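Survey of secondary and tertiary structure
Spelled out from the first residue to the last, the chains are:
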Amino acid sequence: MGMDKDTLWYKIKKMNSLSTLPEIYDRVSDMINDPKTSAANLASVISRDETLVAKLLRVANSPFYKASPEKVTSITFAVALLGFNATKNLVLSVSIFDLFHTFEESLKLTVRGFWKHSITCAVASKIIAQSIRYKNPEEMFVSGLLHDIGKIVEIQYMPEDFKKIINVINSKEISMKDAEEEVLKYSHTDVGKMLGVHWNLSPRIIDCVRLHHIPDKAIDSLTEVSIVHTANVLSHSLELDYKVPILNEKAWEILNLKIDMLEPMLKQLKKESIEAIAVLFPKK
Amino acid sequence: MGLIELDKIEPGMVLAKPVYSHMGALLLKEGKKLTERELLILESWKIKEVDVEGIESSEDKDKVVSDQLEKEELDKIEAEIETKFSSIPKDNNIMMEIKKIVKAIKVESLLEEKKHGNG
C-alpha cells in the first residue's frame, strides 16, 4: 500500500519548498488583486529579483512566446505589454522548475522527460487557445505546464511508490492513471489538485489539472479543460515514450477545431516546443 | 563504371579507364578485357583497384548503403508510431490524421538531420 492521501496532504502543507509558491508569485498575485496597483508598482517589485528579471526577459523575447515584435528590454515594458495576469502567469512559468530539485539519481531522466512533456503541453495549450481565439492564452500555457504536476510531487515526495507505479505500468502495460489507482488508490490528477488548492491557483487551472483525462466531466471550465486535454494528446503524439491517449470527441467538438488545422498546429508545436524547452528548462 | 578492388575482379570484365603505374606509365588501355594475364600485371604493379564497366562506383555503393539506412530508419519511425497508436481504433479519423501528420513530421526532421549531418 502506498502513501495515503491524508499523509500526502500533510506532507504537501508541511514541505517548505511547496508550502507556498515562490514569495514573489504571492506578492504579484496580491498586488494584481489590489485595484490601486500600477504597472510601475508591479514592475518595481519584480525588479528586486535579478534572476527572475533575467528569466522573464529571456522568455518574453523568445520566439515561442513572441511577446512583442520589438525587443523587450525592461520589466516595466514587459508588464505594460503583457498585462497583469500574463505577467503573473509568466512569473509562475519561470519559477516552477526551481521548486522541485532534490531527486534520486535513478529518477533524473524521468524528471527531465516529465518537464519536457509539461512544456510541450504548455506550448500546445497556448497554440490551441490562440487558434480558437481564447481570451487568455497565457493562462492556458500555465495550465498545460501544470497539468501533470501531481506526477512530479509523487516523484519527489514518494519515490518508492512512484517506482512501484512504473513497474506496474511496464508489467501490465496499463496507463499511468490506472497504475496509480492500483498502487495508491488515487492518481496524479488528485495530487495535482491538492497542490493547486494549496497554492490558491485559479479554479480554471485546478480543473485542467484535475480533469484533463476526462474533459467531459468538466462543467465550469469545459473550454479550458478541453484545450489542455487536446494539447496533451497532441504532445504525446509528437513524443516517443508513451502511448498516445485517445482524443475525447466532446473536447474536440467544444473547441470547434477542424481536421485541417491539425497539420499547421502540430508543425508549430514541434518547432516551438523545442525553443520553449531550450529557454525554460535548459540542459545543465 | 566504377572502381573495384583487385580481388573482386572477374575474368572478362572490361576496363572503363586506363590503368597507370604509380610512376605514371600506362599499363593497360581503356577497353581492355581483363584475363588472368592482366590480373598478373596489375598484381605485380601493386595496383589496388581499377575502374571497370558495368558496375556501380564505390560512391554509388555508399549511396545505396545510406538509402538502406534511411529505409531502416523509416521502418523504425513506422514501428514507433504503430506502437504509439496501437490502442487507437483505426476508424477514429482525427487520431488517424494526427498519426499521419506525426509520421510526416518525423520523416521530415530525420531528413533535416541528415542534411545537416552531411553538410
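Residue positions are given per chain, counting from 1 as you read along its sequence in written order. For this description, chains carry letters from A and ligands carry numbers from 1, given in the order in which they are written. A pLDDT threshold of at least 70 governs which residues receive local features in this predicted model, and a stricter bar of 80 or more applies before side-chain atom pairs are shown or counted, although totals over entire chains, interfaces and linings include all residues. Only hydrogens and water are set aside; all other atoms, that is, all heavy atoms of the structure, feed into the side-chain values.

Let's talk about the overall build of chain B
Note the threshold: Numbering goes from the N terminus for both helices and strands, where a helix is a DSSP run of H or I of at least four residues and a strand is a run of E of at least two. Whether two residues are in contact is decided by their heavy atoms: any pair within 4.5 Å suffices. Method for areas: the Shrake-Rupley scheme with a 1.4 Å probe, in which residue coverage is limited to the protein chains shown.
Counting its secondary structure elements, chain B contains three helices and four strands. The secondary structure elements of chain B, listed N-terminal to C-terminal, are β-β-β-α-β-α-α. Taking the contacts inside chain B whose residues are at least 6 apart along the sequence as the reference set, 55% of them involve residues at least 24 apart. Surface exposure of chain B reaches about 8,100 Å², of which carbon and sulfur atoms provide 54%.

Some remarks on the interface of chain A and chain B
The line we're drawing: Summed over both partners, the accessible area lost on bringing two parts together, with a 1.4 Å probe, is the buried area. When a carboxyl oxygen of Asp or Glu is within 4 Å of a side-chain nitrogen of Lys or Arg, the pair counts as a salt bridge. Gly is put with the polar residues, along with every residue not named as nonpolar or charged; the nonpolar set is Ala, Val, Leu, Ile, Met, Phe, Trp, Tyr, Cys and Pro, and the charged set is Asp, Glu, Lys and Arg.
The interface of chain A with chain B comprises 21 residues on the first partner and 20 residues on the second. Summing the contributions of chain A and of chain B, the shared interface buries around 1,800 Å²; its carbon and sulfur component is 73%. Area buried by chain A at its contact with chain B is led by Leu240, Lys243 and Val244 of chain A, which between them contribute 28% of it. Where chain A packs against chain B, one counts zero salt bridges. Of the residues contributing to the side of chain A that touches chain B, the split by class is 13 nonpolar, two polar and six charged.

So, unusual backbone geometry
All names here are of chain A. Unlike most non-glycine residues, Glu173 shows phi in positive territory, near 50 degrees. Take Glu173: it is sitting in the loop between helix 11 (159-172) and helix 12 (176-184). Of note in the backbone geometry, Asn200 takes a positive phi value of approximately 65 degrees without being a glycine. Examined against the element boundaries, Asn200 turns out to sit in the loop between helix 13 (188-199) and helix 14 (203-211).

Comments concerning the packing of aromatic side chains
Each aromatic ring pair is described using two quantities: the centre-to-centre distance and the angle formed by the ring planes. All names here are of chain A. The test is simple: Stacked, edge-to-face and tilted are the three classes for Phe, Tyr and Trp ring pairs, Trp counted by its six-membered ring, which pair at centre distances within 6.5 Å; planes under 30 degrees apart are stacked, over 60 edge-to-face, the rest tilted. Per-residue accessibility, obtained with a 1.4 Å probe over protein chains only, is compared with the maximum for each type, and a residue is labelled buried under 20%, exposed over 50%, and partly exposed between these values.
Taken as a whole and assessed by the stated rule, the structure comprises four aromatic pairs over all chains. With centroids separated by 4.9 Å and ring planes inclined at 70 degrees, the aromatic side chains of Phe114 and Trp115 adopt a geometry described as edge-to-face. We classify Phe114 as buried; its relative accessible area is 8%. Note on Trp115: relative accessible area 1%, which makes it buried. With centroids separated by 6.5 Å and ring planes inclined at 45 degrees, the aromatic side chains of Trp115 and Phe281 adopt a geometry described as tilted.

Section: the side chain of His236 of chain A
Tracing the backbone shows His236 of chain A in helix 15 (residues 222-238). For His236 of chain A, a relative accessible area of 8% translates into the label buried. Once residues within four sequence positions are removed from consideration, His236 of chain A is found in contact with His117, Tyr242, Val244 and Pro245 of chain A together with Lys84 of chain B.

Notes on the confidence of the model for chain A
One rule of thumb: low pLDDT means the predicted coordinates there are not for detailed reading. The following threshold applies: pLDDT runs from 0 to 100 and stands for how confident the predictor is about each residue.
A residue-level look at chain A finds 96% of positions with pLDDT of 70 or above and a mean pLDDT of 89. For chain A, the element scoring lowest by mean pLDDT is helix 2 (residues 16-19) of chain A, at 62; helix 15 of chain A scores highest, at 97.

Side note on the pairing of strand 1 (residues 2-5) of chain B
Residue and element names in this part refer to chain B. Applicable threshold: Here a strand pair is declared whenever DSSP counts at least two bridges between the two strands.
Residues of strand 1 alternate between two faces, with Gly2 and Ile4 buried on one and Leu3 and Glu5 left unburied on the opposite face. In terms of strand pairing, strand 1 meets strand 4 (residues 49-52) through four bridges, oriented antiparallel. In the strand pairing of strand 4, Ile4 is matched with Val50.

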